[in-house]
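Chain by chain, the residues run as shown.
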Amino acid sequence: MLKALVSDVDGTITDRRRRINTDAIEALRTLVDAGIEVVLASGNTVCFMDGLCKMVGTDGTIISENGGVYRRGFGGTLHIPGDQKVCLEAFEVLRDHFAGEGVGLELFSAQYRFADVAFARNIDPDDVRTVVRDHHLPVRVLDTGFAIHLQDPGVSKGTAMRDLAREMGLLPDEILAIGDSENDIEMLKAAGVGVAVANAPEPTRSAADWVPRESYGDGFVETVKKYYPDLFIR
């Protein structure tokens, strides 16, 4: 049996409007109660993830800021492999560039972030990538569908998952990873089994080992029932 589950949050255990799928939460709690390690992985901040873990009922093991931050359990050491300094410097260049075009960039939760920069999708992510490329900025641009992120190119959800696996005494092959966006691709490829829910874009689906018929949280539930069938026999 796969010993751990690493799951994205927005678009994977929610609907398109970021509302939590209650059946997905019940499925997560079933896994936790059965002794399966559950890790929530997101572009969101640590404080957001802490609240979510408390309400869902996990032990607080998280991957945050798209792999720029991770931690084993609520009481564990907060590891910050991401370099926020380069992200902030790149954001200043972007802000000046788009201000010249009459567009303001809205930062998200800047005071609560340790490793990356996130801002509103009021501009085309490909335009951001063009500016980053033209200015030779040493950052990666991620479009999660909910925000645009600037990230240290040396980190991802996949690198954080591998580091967490070592800390948990697991092999990546023992992990089921589920996601929906481009920031999940490295994680899906690094896991023993990678699953992209049906609403995922084509590059993410192509990186997965399996794609359920259902989208969003319903696709998550379909997945865990497929890979942990004995836990859901009624």
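Peer 1: In this structure, what is going on with the pairing of strand 2 (residues 37-41)? I would like to understand it.
Peer 2: Along strand 2, four of the five residues are buried, which leaves the element largely enclosed by surrounding structure. Examined bridge by bridge, strand 1 (residues 4-8) and strand 2 share five bridges and lie parallel to one another. By the bridge assignment, Leu5 is partnered in strand 2 with Val38. Taking the sense of rotation as the criterion, the β-α-β connection linking strand 1, helix 1 (residues 22-33) and strand 2 turns out right-handed. As paired elements, strand 2 and strand 3 (residues 62-64) share two bridges and run parallel to each other. Paired with Ala41 across the bridge in strand 3 is Ile63.

Peer 1: Please clarify how the pattern of salt bridges should be interpreted in this entry.
Peer 2: Charged atoms that come close allow side chains of opposite charge to pair. Tallied over the full model, the rule gives 18 salt bridges. Where Glu92 meets Arg95, a salt bridge forms, and the shortest distance between an N and an O atom there is 2.6 Å. Of this pair, Glu92 and Arg95 both sit in helix 3 (residues 84-99), three residues apart, which is roughly one turn of the helix. Between Lys157 and Asp184 there is a salt bridge; the shortest N-O distance is 2.6 Å. Within this pair, whereas Lys157 is found in helix 5 (residues 157-168), its partner Asp184 is found in the loop between strand 8 (175-179) and helix 6 (185-190), the two being separated by 27 residues in sequence. Taken as a pair, Lys157 and Asp184 share a single burial class, namely buried. Overlapping salt bridges, with partners in common, bring together Asp8, Lys157 and Asp184 in one network.

Peer 1: Sorry, what's going on with helix 4 (residues 125-134) here?
Peer 2: Count 3.6 residues to each turn of an α-helix, and residues three or four apart come out pointing the same way. Within helix 4, burial applies to Pro125, Val128, Val131 and Val132. Angularly, the buried residues of helix 4 cover 115° about the axis, an arc narrow enough to put them on a single face. Where helix 4 is buried, its residues meet helix 3, strand 5 (117-119), strand 6 (140-143) and strand 7 (148-151). Phi turns positive, to about 55°, at His136, one or two residues after helix 4.

Basis of the calculations
Residues numbered from 1 in each chain as written. Predicted model: local features only at pLDDT ≥ 70, side-chain atom pairs only at ≥ 80, totals over all residues. Heavy atoms only, no water. Buried < 20%, exposed > 50% of the residue type's maximum accessible area, 1.4 Å probe, protein only. Helix = DSSP H or I, 4+ residues; strand = E, 2+ residues; numbered from the N terminus. Pairing = 2+ DSSP bridges. Right-handed = clockwise from strand over helix to strand, strands pointing away. Salt bridge = Lys/Arg side-chain N within 4 Å of Asp/Glu carboxyl O. Arc of directions from axis to C-beta. Contact = heavy atoms within 4.5 Å.

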